[in-house]
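Here is what each chain is made of, one letter per residue.
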Amino acid sequence: MARSVHNAWRGPAVGRRGLLRGALGLTLALAVLTLAGARPLAAQGQSVSGMVLNGATLRPLSGAQVLIEGTQRGALTDANGRFVFQNVTGATVELRVIMIGYREARVTARAGDTAVRVAMTESAIALDEIVVTGQPGGTQRRAIGNAIAKVDVTNVMANSQLKSMQELINGRAPGVVIMPGTGMVGSGSVIRVRGNSTFSLTGEPLIYVDGVRVNNEQGSGINAQAFSSGVISRLNDFNPNDVESIEILKGPAAATLYGTEASRGVINIITKKGAPGGARYSLTLKQGSNWFSNPEGRLPVNYWKDPSGKVQELNIAQREKDLGRPLFRNGAQQAFGLNVQGGTEGLRYYLGFDLDKGEGAERNNFRDQVSTRANLQILPNKDLDISVSTGYVTSRTQLSCEGGCGGTMWGAVFSSPQFLGENCAVGAAYGCGFRRGFQSAPPERYYAFEMLQDIDRFTGSVTANWRPFSWMTHRVTVGTDLTAEQNEEFQGRVDPARDTLAFFIVTTALGYKYQTRRTHYNNTFDYAATINRDILANLNSATALGVQYYQQRIEFIGVQGNDFAAPGLETVGAAARKTYTSDDYLDNNTLGFYAQEQLSWNDRLFFTAAMRVDNNSAFGEEIKWALYPKASVSWVLNEEPKAREILPDVVNALKLRLAYGQSGQQPLSFSALRTYTAITGPNNTPGVSPNSVGNPDLGPERGHEFEAGFDAGLMDDKLGLEFTFYNKKTTDAILLKPNAPSGGFTASSYVNAGEILNRGFEALLKAQLVERPNLSWDVTLTGATNHSEVLKLAGTDTTIISGSTQHRIGYAPRSWFRERVVSATYDQATNTISNAMCDNGSGGTVPCYNAAGVVTAPRIFLGRTTPSFEGSISTGLRLWSRLRLNSMLDIKTGYKKYNNNLRARCQIFATCLENIYPERYDPARIAEVRSNGTLVSFVVNDASFARLREVSLSYEVPDKYASYFRAKRASVNVAARNLYTWTSYPGLDPENQFLEGGNVGLEQSNLPQLSSFVVTFNVSF
Amino acid sequence: MNARILKSPRFLVGARRIAAALVALPLLVGCSFDDLLEVSAPSNLPAENLESPAAMPILVNGAIGDFECALGAALVVTAVVSDEFGDSQLGAAQWPYDRRDANQQPYSIYGTAGCNSAQGPGIYSPLSTSRWAADNALTKLEGYTAAQVPKRDSLMAAAALYGGFSLAHLGMAMCSAALDLGPEITNMQLFAQAEDRFTKALQFATTANVVAYKNAANVGLARVRLFQGNKTGAAQAAALVPAGFVLNATASDSETRRYNRVYHSNINTRNYTVEEPSRNLLTEGVPDPRTKVVRGQNASDGTVAWYQQKYTAFGSPMPVARYQEAQLILAEAQGGATAVSIVNALRAPHGLPAYTGPTDATSIQNLIIEERRRELFVEGFRLHDTHRFKLPLIPAPGTAYPIKGGTYGNTTCFPLPDVERLYNPTINGTGK
């Protein structure tokens, strides 16, 4: 039976080997105390003292056992990782250091040496590690039959000093793909776990913080990219400095106990807790910068053939730079953090405060955030422990326009020599005198425009674990997550007579303000009872029953006012016209019950079976309850005596695992109902208009997942390998299907439309290549493949079209499908294209157009919109015990981006070289360029890339210098991000895209991922 | 478990604790699951709540509101596709209108966008919605008695009337369409359906004695009979429309959906400009005030929009049916001297000279075409007139489309859009 962590009085749960080590440690600790008390009896000698630290992070380790070889003497390191031996005899001593989760370390120390530093290496595989996510209670990893990705945030932050939660996850959890869309400060990413398993619902995983479900919206805020695409992710509200670890369940096999809504996976954020001991303060200061790397070499050069026939070109980034007006700035990054933790056996605390200020490369882009956290653990007696977790965040984010919104990127990407002042005389270009070559307007037009989001967010929970008997545990978690979000678009009045900006602003030159306030509530009630029994001497049972109730409410109020009477008026109330009001709320509740039985044989073979039943307020009338079963097997093979005889010695740990499970994803509230919406009728009288056609048969999507894999520790844990195969089938996949307008209800409606398969492999390899006291080198490789395929579509449909993407049987959902010209004839004399022939989809060709000029060639598969492979290569090099170099290469391949920059330049603005010198190009490409925008396969480009995502150097300041500040320790970290990218993608950045709306996967004048450089000082007292 | 343990105080305390926990769970479960899952939709009305006589006025009001919004969109879209308006902005989704190649792009926004869509106005969906809403109200009203629904005949007249005008505008814009998820039908069949609605509207309006609806129904009848080639019937109906009659669609600056869409897109946002062939047209050599335009605010920079002067505010009403249209229908139906007389009478209030040209049939037809172009400027007729009279397209198809790439097409009516072809179960053959 896996041991529970509920009883903090019992200390951390340990496995078979851990138990022995724990007992040994306790014995040694007692011995130390005994020996300390018997000091007069010891021979007089010198002392040896020092620090034990994690070699991967250079952070101190508390609770490590330090033994003097050949003696009975030992010590436990304190909260600062320090140990001391008084009265050591002999010139040198051999120190042996052991700790659960780490490989044994040995050093030789001189008697009298008070600055011994012992760097420990983490075990490549940790079967005794406690996992809390997806289990009724905390459970050892050995007992869990499914893969769980765990990010040790404390360790990662020690090296990489990352700014956001999504940066933390990226490249560290195989199968979890983080896809950003813009380099704007404050923007977030799309997250996909094990592929895209829905047609139309959100693909975002659930997010929990300390057991409480929280707002997981991404794409929030003002639609800075336009076309219904916001860019702010709520996940990034949480401060990485307050997080201990992140556990990720990747799919239904693991997430069954989360029920409806969990089929996209679950991200559980576990915040830091206090530990017994005196108050320990940690102060962090950061200074740095981020920048758009090489805009002069990356923004497109645009061309124009003037009326005289002369071809002019414009590199607007270079031109503006040469004129002393660089388009982008180096954005300052600053942060200050202070936390304190400590406590007693009965009361432990963690208090954190962080102030982050970040500027973007765009001159008006910034984000300021203050985060606070107070966590308490109260242990009134050995039967009860109570954890209180509270966090409050307040932030202001100012976004820049990009994508379809305009902005510097829009103006620059689609610039043209036609709009230069010197060309006003020869080309009658609209406003060219003011535009300086920019499309639409110069950057200052957009900097006169505010797009703000203010956030106040509280996340709090209380979890009580009560053990009335040694064999029974009750756990109750009650919590809430409240996000108060205020979004604002503001354009002050511009005096048309005096301000040239008025020329560009036109519609809103008199000013306007649009303001929305959204309040997002998530309430969680979660109860579980677990009964542990010994059925036989070697057969244990853990039976769990649970109930969960989730409430979600989103309240919305929005107003807009247009036309201010004079500059300085800035409120909606002061506007002459009130043009928009909205007041609404949306509720969604889920009630679920589950039962789970886990049997363990000799603490090495585990069988788990569970059933969850759910109902949700969005289910249709014909859908009452949804059942989700789960079963898994975990077998720690290396502890099986007979298997041990067979296994080669190189294998020191091996766990096989097998799991099957189901979970769901509910549709949006009221999507099952046929509804009308209120409108204003003639002469402002009330009326109603058909809104949603409804679907009483609408049920949840259901994910069915099978996974198998193993965790192996090799070569005395120098090498760790986690490997998983998964096969996930989503049935009743929900599609937002358009309705034929003739039926009156024109809004698209949700239908259970088909089946989607996601299948792949995930691997994580950790290798300790070199391990010496003064040198270590470790490498971590992650990789995940994803084969995604639509298996079935509703009725006889085989194809659902959405822009240039389609859901088509046999292909990944939402893949790129467009007609592709394979040949054409170009006549240079007449500068005409004819005989355009298209790929017929089966190896041949077909005329692209019919006689009426309508494109009739079939759309063919051009590629996936999401990567089919993602992986990372991370490596760390430790020199001595004070210096460490880390780096991460992030890799994503097997997908394509729609390069709308190229399409618009070639097919709309006619500023690409294909427009100027068609004879230099393949006529097939020119046939597409000249197709009135109906043929676009040439802009669907491979976006595979490898990016040097992180490079960092950490240095632990010698104690004697740290002591100048009365500090116990001090460190300096220098970290850089996004320094180089390898890609054949011809667009601006392979990670650029719209994050929301119908244009996901499409790049259009988005700001690329910024490079950054940050220096961090950390001092502990 | 032995007896000693059972009697121990610790066990009793534990047993009480278990009992409390076991009681708590059923209590939670015991409060009805429905209560825990019940949520409300404060801004949406379940359809079942509208199944009562009391709901009929708001259903009819809604249908009129839908039509008024759809009409504004239709005026803009048909103006841009025809030679009334041109595009002057960067919303690429709308270029197929101005480039007249929307007929080659059945997936473009004419089929999917709403009447006040940020992408640009649609035409098929808004008119389909207002048509359905009107027919739905009419059907429901037919199921109630006059005793159950106050002013039932008046409401039925309104529902039939606005259903008729929705169908008429659908027929004027679309080459084909569908109704109630039925088969694809031609624009002539749409006009026939419209005639049916106008006939009903006339009957109910007569019973209810709502004069405005009677007159509007006659204008509608005249219009769709003319388009179907029934000149006699058209003339009969048109002749019944009294001088000075007009039924307007209302507009307001209070919310975007209620904007006068022509003013909004032409003068306010400057997305569309009055195209050169329609600016300050001359009538008998005299500037015709009916197509007067004003140059946009940034004229000194050589650009911009030309502003029409028929709709000069967000709240400017838009004609749904009026005497002048009826007279022009009468002129077209009867031709000859009657036509000239009618045209001259229409010109007089604007101080325009009388017609002095030839009076052969072709000349009269051209006179009617040009008079309709001026009198009914931006009222939704020019595109269909271009279609039915096969007027030359300016610029000619194949001409380069300036600045934004491509060449002009030959759209004079929109084909059935993909959104109908793919998702109408009758048309796509899936039956679902």
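Here the structure is a predicted model, which means the values were calculated and not measured.

1. As for the pairing of strand 25 (residues 449-469) of chain A
Residues and elements named next belong to chain A. Looking at chain direction, strand 24 (residues 384-398) and strand 25 are connected through 15 bridges and run antiparallel. Paired with glutamine 398 across the bridge in strand 25 is leucine 452. Here 19 bridges tie strand 25 to strand 26 (residues 472-491), and the two strands are oriented antiparallel to one another. Looking at strand 26, one finds that isoleucine 455 is bridged to glutamate 485. Two successive antiparallel strands, strand 25 and strand 26, enclose a turn made up of two residues.

2. A closer look at the confidence of the model for chain A
Put simply, chain A has an average pLDDT of 88, and 93% of its residues get 70 or more. Within the model, pLDDT remains below 50 along residues 1-43 of chain A, and this stretch shows 66 contacts once partners closer than five positions in the same chain are excluded.

3. Examining the interface of chain A and chain B
Each partner contributes to the interface: chain A provides 67 residues, whereas chain B provides 71 residues. If you list the elements that add at least two residues to the side of chain A that touches chain B, you get strand 25, strand 28 (539-564), strand 29 (575-601), strand 30 (605-616), strand 33 (675-680), strand 34 (686-692) and helix 12 (900-908) of chain A. The element that contributes the greatest number of residues to the side of chain A that touches chain B is strand 29 of chain A, accounting for nine residues. Among the residues making up the side of chain A that touches chain B, the classes are represented as 27 nonpolar, 34 polar and six charged. Bridge analysis of strand 33 of chain A against strand 1 (residues 44-46) of chain B gives three bridges, and the strand direction is antiparallel. Counted as the bridge partner of tyrosine 676 of chain A is leucine 45 of chain B from strand 1 of chain B.

4. A look at the nonpolar core
Nonpolar side chains tend to gather and get buried jointly when the protein is soluble and globular. In this structure, Val52, Val97, Val118, Met120, Val176 and Ile246 of chain A are the most contacted members of the largest nonpolar core, which totals 154 residues. Every residue in contact with methionine 120 of chain A, bar those within four places of it in the chain, is listed here: Val52, Asn54, Gly55, Leu61, Ala64, Val97, Met99, Tyr102, Arg103 and Ala105 of chain A. Counting 123 residues, the second-largest nonpolar core is a separate cluster that includes Ala134, Ala177, Ala222 and Val320 of chain B.

5. A word on the packing of helix 13 (residues 323-334) of chain B against helix 15 (residues 361-375) of chain B
Residues and elements named next belong to chain B. One can describe the packing of helix 13 onto helix 15 by two numbers: an axis separation of 10 Å at closest approach and a directional angle of 175°. As summarised for this structure, helix 13 and helix 15 are arranged roughly antiparallel, according to the angle between their axes. In contact with Gln324, Leu328, Ala331 and Glu332 of helix 13, helix 15 contributes Ile368, Glu371, Arg372 and Glu375. When grouped by side-chain class, the residues that make up the contact of helix 13 with helix 15 number three nonpolar, one polar and four charged.

6. Observations regarding helix 12 (residues 261-268) of chain B
Residue and element names in this part refer to chain B. Among the eight residues of helix 12, eight are classified as buried, and the element is accordingly described as predominantly covered. Those residues of helix 12 lying buried are Arg261, Val262, Tyr263, His264, Ser265, Asn266, Ile267 and Asn268. The elements touched by buried residues of helix 12 are helix 4 (56-81), strand 2 (85-87), strand 6 (272-274) and strand 10 (306-308). Within two residues after helix 12, arginine 270 carries a phi angle of roughly 60°, on the positive side.

The rules behind each value
Residues numbered from 1 in each chain as written. Chains lettered and ligands numbered in written order. Predicted model: local features only at pLDDT ≥ 70, side-chain atom pairs only at ≥ 80, totals over all residues. Pairing = 2+ DSSP bridges. Helix = DSSP H or I, 4+ residues; strand = E, 2+ residues; numbered from the N terminus. pLDDT = per-residue confidence, 0-100. Contact = placed C-beta atoms within 7 Å. Nonpolar A, V, L, I, M, F, W, Y, C, P; charged D, E, K, R; others polar. Core = buried A, V, L, I, M, F, W, Y, C linked by C-beta atoms within 7 Å. Buried ≥ 20, exposed ≤ 12 C-beta atoms within 10 Å, placed from the backbone. Axes fitted to C-alpha atoms, helices over the stretch in contact; angles between N-to-C directions. Parallel < 35°, antiparallel > 145°, perpendicular 65-115°, else oblique.

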